[in-house]
Amino acid sequence: MRVIASSVRKGNILEIDGRLYAVISAESFFPGKGTPTTQIDMRRISDGVKTTQRYKTTEQVERAHVEDRPYTFLYEDGDGFHFMNKENYDQIAVSKDVLGDQAVYLQPEMECMLSVFEGNAVAIDLPQRVTLQVVETQAVVKGQTASSSYKPAMLSNGVKTLVPPHIEAGTRIVVMTADGAYCERAKD
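Please read these numbers as outputs of a predicted model, since none were measured by experiment. (Residues numbered from 1 in each chain as written. Predicted model: local features only at pLDDT ≥ 70, side-chain atom pairs only at ≥ 80, totals over all residues. Heavy atoms only, no water.)

### Describing the overall build of the protein
Point 1. Regarding its fold elements, the protein presents one helix and 16 strands.
Point 2. A compact globule built from 188 residues should have a C-alpha radius of gyration of about 16 Å, whereas the protein, at 20 Å, is more than 25% larger.
Point 3. Along the first, second and third principal axes, the C-alpha atoms of the protein reach 60 × 50 × 25 Å.
Point 4. Pairs at least 24 apart in sequence give 43% of the contacts found in the protein among residues at least 6 apart.
Point 5. For the protein, the accessible area works out to roughly 11400 Å², and carbon and sulfur atoms hold 48% of it.
Point 6. Across the protein, the centroid of the 21 positively charged side chains sits 9 Å from that of the 25 negatively charged ones. (Helix = DSSP H or I, 4+ residues; strand = E, 2+ residues; numbered from the N terminus. Rg over C-alpha atoms; globule rule 2.2 N^0.38 Å. Contact = heavy atoms within 4.5 Å. Areas by Shrake-Rupley, 256 points an atom, 1.4 Å probe, with all protein chains shown as cover. Lys, Arg positive; Asp, Glu negative; His and termini not counted. Charge placed at Lys NZ, Arg CZ, Asp CG, Glu CD.)

Structure (structure tokens):
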């Protein structure tokens, strides 16, 4: 499907010269003089090479037809990460390259959106937030104020993040999957 370059968004899959690219970011520039352009940063799905292309905002690009469907994470093994479609119980293996740094946030039974192209998963969209337990954190330094100071903490999935001083080891917290930032204390 052909679309104009300015309508391309993060997460879209483009087909350029017979190869698939996952869009990392797309930014449009509108200078006072000259032609408006759109710069698209993308990763080639086949080998992970990152590239940047610049198009006129009205130029046409080929958007690959991918199906976005909800899948449930089952388990990880040597073949990759296995997901199941709840509608028809089909299972699909997703390689570590597709998940990248987001793999540490996967939890059993987690609902994810997979982008599937010709039977292969080419992109994944995790929930924005996950609940994890603080395994280890430093003691509070006397005199710190709660409003501006954060302390380092190790989470149950091995990720390090910064948490407010009142959070102690054993506390369950909610973190953002995009960058691992502390969001709030878990309600459960």
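### So, the nonpolar core
Nonpolar side chains in soluble globular proteins tend to end up buried together.
Point 1. Ranked by internal contacts, the top residues of the largest apolar core, which has 28 residues, are Phe 83, Leu 106, Leu 114 and Ile 173.
Point 2. Excluding residues that lie within four positions of it along the chain, Leu 106 makes contacts with Phe 73, Phe 81, Phe 83, Leu 99, Cys 112 and Leu 126.
Point 3. In terms of nonpolar packing, the next biggest core, distinct from the first, is built from eleven residues, Ala 5, Ile 40, Tyr 55 and Val 61 among them. (Core = buried A, V, L, I, M, F, W, Y, C linked by side-chain atoms within 4.5 Å. Buried < 20%, exposed > 50% of the residue type's maximum accessible area, 1.4 Å probe, protein only.)

### What about the sheet that holds strand S15 (residues 172-176)?
Point 1. Strand order in the open sheet formed by five strands is S14-S13-S12-S15-S16, with antiparallel pairing between adjacent strands. The outermost strands of the open sheet, each flanked by one partner alone, are strand S14 (160-163) and strand S16 (182-185). Neighbouring strand axes in the sheet, compared pairwise and without regard to direction, differ in orientation by 50 degrees on average.
Point 2. Where strand S12 (residues 129-137) meets strand S13 (residues 151-155), three bridges bridge the pair, whose relative direction is antiparallel. Following the sheet pairing, Thr 137 is matched in S13 by Ala 153. (Pairing = 2+ DSSP bridges. Axes fitted to C-alpha atoms, helices over the stretch in contact; angles between N-to-C directions.)

### Remarks on the environment of Asp 101
Point 1. By the element assignment, Asp 101 lies in the loop between helix H1 (96-99) and strand S10 (111-117).
Point 2. Residues Asp 101 and Asp 179 lie 78 residues apart in sequence; the distance between their C-alpha atoms is 9.6 Å.

### Some points on unusual backbone geometry
Point 1. Of note, the phi angle at Tyr 89 is positive, near 65 degrees, even though the residue is not glycine.
Point 2. Within the element layout of this structure, Tyr 89 appears in the loop between strand S8 (80-84) and strand S9 (91-94).

### Remarks on the pairing of S12
Point 1. For S12 and S15, the ladder comprises five bridges, and the chain directions are antiparallel. If you follow Leu 132 over to S15, its bridge partner there is Ile 173.

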